[in-house]
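Reading the structure
Each chain, letter by letter, is given below.
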Amino acid sequence: MLEKTYSPKDIEARMAETWEKAEAFKAGRPDRAGAETYCIVIPPPNVTGSLHMGHALNNTLQDVLCRYERMRGKDVLWQPGTDHAGIATQLVVSRQLAEKQIQMRDLGREKFLEKVWEWKAESGGTIVNQLKRLGASCDWSRERFTMDEGLSKAVIKVFVELHKAGLIYRDKRLVNWDPEFQSAISDLEVDSLEVKGNLWHFRYPLKDNPGEYIVVATTRPETMLGDTAVAVHPEDERYRHLIGRTVVLPLVGREIPIVGDTYSDPEKGSGAVKITPAHDFNDFEVGKRHNLELINIFDASAVVNENAPEAYRGLDRFEARKKVVADLEELGLVDKIEPHTHMVPHAQRGGAVVEPWLTEQWYVDAATLARPALEAVRKGETRFVPERFAGDYFRWLENIQPWCISRQLWWGHQIPAWYAEDGEIFVAASEAEAQSLADKHFGRAGVQLTRDPDVLDTWFSSGLWPFSTLGWPDETAELKRFYPTSTLVTGFDIIFFWVARMMMLGLHFMKEKPFSDVVIHGLVRDDKGRKMSKTLGNVVDPLGLIDEFGADALRFALVAQASQGSDVKFARSRVEGYRNFATKLWNAARFTEINECRRVAGFDPAKVETTLAKWIVGETAKAIAETETAIQAYKYNEAAGAAYRFVWNIFCDWFLELAKPVFNGTDEAAKAEVRAATAWTLDQILALLHPFMPFITEELWTVTGEEGPARTNVLALSQWPQLKGLENAEAEAEIGWLVDAISAIRSVRAEMNVAPGAQVPLVLAGVSAKTAERAARHHDLLARLARLSDVSSADTAPKGSVQIVVRGETLALPLAGIVDVSAERTRLGKALKEAEGDIARCDGKLNNANFMARAAEDVIDEQREKRAEAAERRERIETAIGRLAELG
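To keep things clear, this report deals only with the structure shown in the data block. (Residues numbered from 1 in each chain as written. Predicted model: local features only at pLDDT ≥ 70, side-chain atom pairs only at ≥ 80, totals over all residues. Heavy atoms only, no water.)

Some thoughts on the packing of aromatic side chains
In this description, a pair of aromatic rings is defined by centroid distance and the angle of the planes. Overall, the coordinates contain 34 aromatic pairs when judged by the stated rule. Centre to centre, the rings of W19 and F25 are 5.6 Å apart; their planes meet at 50°, and the pair counts as tilted. In this structure F25 comes out as buried when scored by relative accessible area, which is 11%. Judged by centre distance (5.1 Å) and plane angle (90°), the ring pair of F467 and W472 falls under edge-to-face. Considered together, F467 and W472 belong to a single accessibility category, that of buried residues. Geometry around W403 places R501 over its ring, the cationic atom sitting 4.1 Å from the centre. In this structure, R711 is placed above the aromatic ring of W701, and the distance from its NZ or CZ to the ring centre is 3.6 Å. (Phe/Tyr/Trp six-rings, centres within 6.5 Å; stacked < 30°, edge-to-face > 60°. Buried < 20%, exposed > 50% of the residue type's maximum accessible area, 1.4 Å probe, protein only. Lys NZ or Arg CZ within 6 Å of the ring centre and 35° of its normal.)

Observations concerning the sheet that holds strand β27 (residues 788–794)
Pairing in this open sheet of 4 strands is mixed, and the strands run β27-β26-β29-β28 from one edge to the other. Every interior strand has two partners, whereas the edge strands, β27 and β28 (801–806), have only one. Strand after strand, the sheet turns through a mean of 25° between neighbouring axes, direction not considered. (Pairing = 2+ DSSP bridges. Helix = DSSP H or I, 4+ residues; strand = E, 2+ residues; numbered from the N terminus. Axes fitted to C-alpha atoms, helices over the stretch in contact; angles between N-to-C directions.)

Notes on the environment of D280
Note that D280 resides in the loop between β12 (272–275) and α8 (281–290). Taking the C-alpha atoms as reference, D280 lies 5.7 Å from P356; in sequence the two are 76 residues apart. With near-sequence residues (within four places) excluded, D280 lies in contact with L174, Y263 and P356. There is a polar contact of 2.9 Å between the side chain of D280 and the backbone nitrogen of N282. (Contact = heavy atoms within 4.5 Å. Polar contact = N/O pair within 3.5 Å; in protein donor to acceptor, adjacent residues only side chain to side chain.)

Notes on the sheet that holds strand β14 (residues 355–364)
One open sheet holds the 4 strands; their spatial order is β6-β5-β14-β16, and the pairing between them is antiparallel. Each end of this open sheet is capped by a strand with a single partner; those strands are β6 (183–185) and β16 (403–404). For strand β5 (residues 168–178) and β14, the ladder comprises 10 bridges, and the chain directions are antiparallel. The residue of β14 that forms the bridge with R173 is T359.

Considering helix α7 (residues 149–164)
Between its first and last C-alpha atoms α7 spans 23 Å; for 16 residues at 1.5 Å apiece the expected length is 22 Å, and the two agree. Of the residues making up α7, those classed as buried are L151, S152, A154, V155, I156, V158, F159, V160 and L162. Looking one or two places after α7, you find G166, whose phi comes out positive at around 80°. (Expected span 1.5 Å × (residues − 1).)

Examining the pairing of strand β29 (residues 809–814)
With 5 of 6 residues buried, β29 is to be regarded as a mostly interior element. Here strand β26 (residues 760–765) runs beside β29; their pairing, made up of 3 bridges, is antiparallel. Paired with A765 across the two strands is T810, which belongs to β29. Bridge analysis of β28 against β29 gives 6 bridges, and the strand direction is antiparallel. Bridge pairing in β29 links V802 to L813. Taken together, β28 and the strand that follows it, β29, pair antiparallel across an intervening segment of 2 residues, in which R807 is found at a positive phi of about 50°.

Points about the side chain of N595
Topologically, N595 is positioned in the loop between α19 (572–594) and α20 (611–632). For N595, a relative accessible area of 16% puts it in the buried group. Beyond its immediate chain neighbours, meaning those up to four positions away, N595 contacts F663 and R675.

Comments concerning the environment of F25
As for its placement among the helices and strands, F25 is situated in the loop between α1 (8–22) and β1 (37–41). Measuring from C-alpha to C-alpha, the distance between F25 and L77 comes to 7.7 Å, with 52 residues separating the pair along the chain.

So, the packing of α19 against helix α22 (residues 668–689)
Where α19 contacts α22, the two axes come as close as 11 Å, and the packing angle between them is 155°. By the angle between their directions, the pair α19 and α22 is classed as roughly antiparallel. Considering the relative orientation of α19 and α22, their crossing is left-handed. Each of F581, L585, A589 and T592 in α19 lies in contact with α22, whose residues at this interface are T678, L682, I685 and L689. (Parallel < 35°, antiparallel > 145°, perpendicular 65-115°, else oblique. Left-handed = near helix turned anticlockwise from the far one by under 90°.)

Treat this as a map of the structure, not an account of what it does.
Listed below in structure tokens is the structure:
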């Protein structure tokens, strides 16, 4: 017997234990040995992480697919795991040590790594347990970690083989450098923050005419110490005559050329830009085009080094900035200083200002690896959903730069490269193999070697995730069975960092695409469309919502808004609303239990005889088909919407209401059949909702299975409903007409402000004999549910009545004398003015070019939504005014 009140807290842990005992999520179950496979690899969350709303959305979407495919009988592997998160983890552990007055460098590498592994053993499983609370149906027995022995073996093999093929090499290039963390970092680990600074305009004197100057504009005066050119646009009339001439760099005395390059924008600053190839990514490219010298003026801590004049050596970059400006002012070479707001790159971890820095690092020849990855998507071997994201993928890969894969950290996969004393490099899978190569190269034994201290970029190991987690480089049974995987579900922000790299490395090493479909979702934003951030104070804790409303409500709230590729505007009220939906389902199940609706062995939905049973069987089949079509097209919101409408509107609001007279009636055969059909429909509903709301559906499946024929499986392993051919046109015409008629009458009552308790007459105006018969058959239901005093027939609608068209035929409600026409006209006129005023206010903003240029996107969206709501309101009011006119 079901408890009176739905309590998710009492259900969730119990259902998780049920699934674990049944090994419901285990891939390679004996009973599915010959089944078609379906595989998803989880985007591995950082081992340092805690569940946030982005994780909740991403993993719920994956879980919907995995639970659905599992119910379709497939052998499903949802591969879980976590990422070692080099910088994040090293930062967490080093800060913990610092709190104990222990410095990482004092410990040494080996001891520090022991501390990291200790931390991982104690705290590294936090997010995994949180994912389980969300209901993620991963095969947790196969959980992997990017620093596992097997995955580390794969990383080493890939590095060695790519190096052997000439696709990994060392080079001196600009990188994003974190001067506090003392490491190169990826673009994804850089946040560009708006900073109020200055734009300094400096005069650079021409060599052949020191009285003549060219004015350059810069936001970083300190880098002028490393300038090796000035660039102007080749078609800029102001400077065209200066191209090819030379200026003398102030404070330094170095002679540098004026070059013509389209990088210089005549509309920005002075139109002339200083070029510092060693300290700016754009300048680096200009430097390559014009064969300019690269002068690195900073050390690893962003302190001015020996390549700058002695007066500036040893100064921090920001101190150097002040001194450079002061010295140029003293020389009269500051033309002007303007306040200037611009974006400045900051390290995501730690917050240091990132320095473009010239340093020797390890690189992957990404352009070569990108070619097959581009071709696979162009040929349709891998497709993006929505398709527009393929454009981003193409744009990034067609313009791809060498991939810097080395990081100056201790935590991570140490690069398998050893250096001889003369700098010769030996790349090998082990130190012994490197030693053998070195001894052979030098022709003597015992060559002294030093291993490269750097580790690999985290994205390098996660790029192998689809095949390394399946056991590669060993030829495992799992690799053979589940690679290539089926679907990847991920955010648009890591298409380049992760998706593209998995494509490149998967195609290179496995000779086959890593996945067929890449399903892209948006961000979870707040209800105003703003990105969630601690600064705005709008961060929502998904675990708090699970505690309050249950995991099922949170999951459904996310899925119901997950329109393909679009951001989710998240509101707490939606979770509360879907908790109410779960409560509605619970109460409906209790209602069926109270009314003795038990499952019947051998029940065949195709053989029911009562119209009501035929109708609900047909509506169930329709809902299953609609939901299934949407899931297969990755239209999550449409799938959730179809399931919700069927359960709440069709089953709870209409079917159970229409079934009450049968349950309370004396026709025992009809009662038995409708009871059996009700129990059968509830079973289909539990299966339908299970991918979205697994906990409550599994609980109801368990409890309702205590009576009637024994369940053969937990719901998670039960069959997805196969209901093709069960729709019944005659039953739909009959019951559908009744539902539409009652709905239309209720709508008119609301529009005309008819008192809820007032009963009104209904006239069937010139309807067909079939419709008249339907109305007679369902007279009591019509009268009770539409609050009618009488149902009669006439050739035409009586005077003073509101006419409604239901399925092509006219029903009339004689409301003259029931509705105060004058008062209603006044009320509706006032409401119409309010609606039109709201529309005008919104139009005033949306048609204002200044507002559209300055307002944030979420503010504009809010105005559009307000206008749409007001327009809909106006339409309803105008319909009601039209109906009033019919009353005279």
